[in-house]
Structure formats: structure tokens, C-alpha cells
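Inside the fold
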Amino acid sequence: MTLLDNEIEILRQKFPDGTPNVHSLSDEQKAWLHMKIQSIAEGIVPSPVISQLEKIGNRLTHATEDIPDDEMQKIVSFIFANMNEIENIPKRG
């Protein structure tokens, strides 16, 4: 069992009924929950491909004018060079 799995199991044990109502938690409980969630988030190794895809998505979404050909070429090259890994990234619902 990894540290990440252990942290998730601790959350499940602490809140066996599922998602707690944060409004009903004490400040101490909220602080504990904050630390556990932070530990889980920090335990995940972000993929450089996912990070770059997020940057590309943001760039394309917020472009106010045509993207210069040199920049677009870098984007296209990145996508094609990483297609196999991109195919294996879990997709949103």
C-alpha cells in the first residue's frame, strides 16, 4: 500500500458515510481534513504531458488573435509527438 492509498483509506475510515458536510465540522476537523487532502494532492505525480496540455488548452482558449505559425507548429508537434501518452490519459466524464 502506498502513502497515497493509506491517506485515502484514512479518509474513508474517518468518514465512512462518504463526503462530510464541511459546515458541521469543527475548526480542528477542517484543519485535519485540509492536511489530508493536501497530502493526497501532493502525492500525485503530475504528468508533464498533462501540464503541457493544460497550458496549450488555456493558450488556445484565451487567444485574442491568430496564434503565430511558429507557436502553432510547436503545439502541433507536441501533440503528435505525445499522441500515445495522450490517448491513455483518463478522459473527463
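Conventions and cut-offs
Residues numbered from 1 in each chain as written. Predicted model: local features only at pLDDT ≥ 70, side-chain atom pairs only at ≥ 80, totals over all residues. Heavy atoms only, no water. Axes fitted to C-alpha atoms, helices over the stretch in contact; angles between N-to-C directions. Helix = DSSP H or I, 4+ residues; strand = E, 2+ residues; numbered from the N terminus. Left-handed = near helix turned anticlockwise from the far one by under 90°. Contact = heavy atoms within 4.5 Å. Nonpolar A, V, L, I, M, F, W, Y, C, P; charged D, E, K, R; others polar. pLDDT = per-residue confidence, 0-100. Salt bridge = Lys/Arg side-chain N within 4 Å of Asp/Glu carboxyl O. Buried < 20%, exposed > 50% of the residue type's maximum accessible area, 1.4 Å probe, protein only.

Now for the packing of helix α3 (residues 48–61) against helix α4 (residues 69–81). If you want to describe how two helices pack, look at the angle between their axes and the distance between the axes. Packing of α3 against α4 leaves a shortest axis separation of 11 Å and a crossing angle of 145 degrees. Read as a crossing pair, α3 and α4 show a hand that is left-handed. Here Val49, Gln52, Leu53, Ile56, Arg59 and Leu60 of α3 lie close against α4, whose contacting residues are Glu71, Ile75, Phe78 and Ile79. Residues belonging to the contact of α3 with α4 are distributed by class as follows: seven nonpolar, one polar and two charged.

A few words now on the confidence of the model for the chain. Taken as a whole, the chain shows an average pLDDT of 88; of its residues, 95% reach a score of 70 or greater. Between the elements of the chain, mean pLDDT differs from a low of 85, seen in helix α1 (residues 3–14), to a high of 94, seen in α4.

The next subject is the pattern of salt bridges. As enumerated under the stated definition, the model contains two salt bridges in all. Across the salt bridge formed by Lys36 and Glu7, the nearest N and O atoms sit 3.1 Å from each other. You can see Lys36 sitting in helix α2 (residues 27–43) and its partner Glu7 sitting in helix α1, a full 29 residues away along the chain. By relative accessible area, which is 17% here, Lys36 ends up buried.

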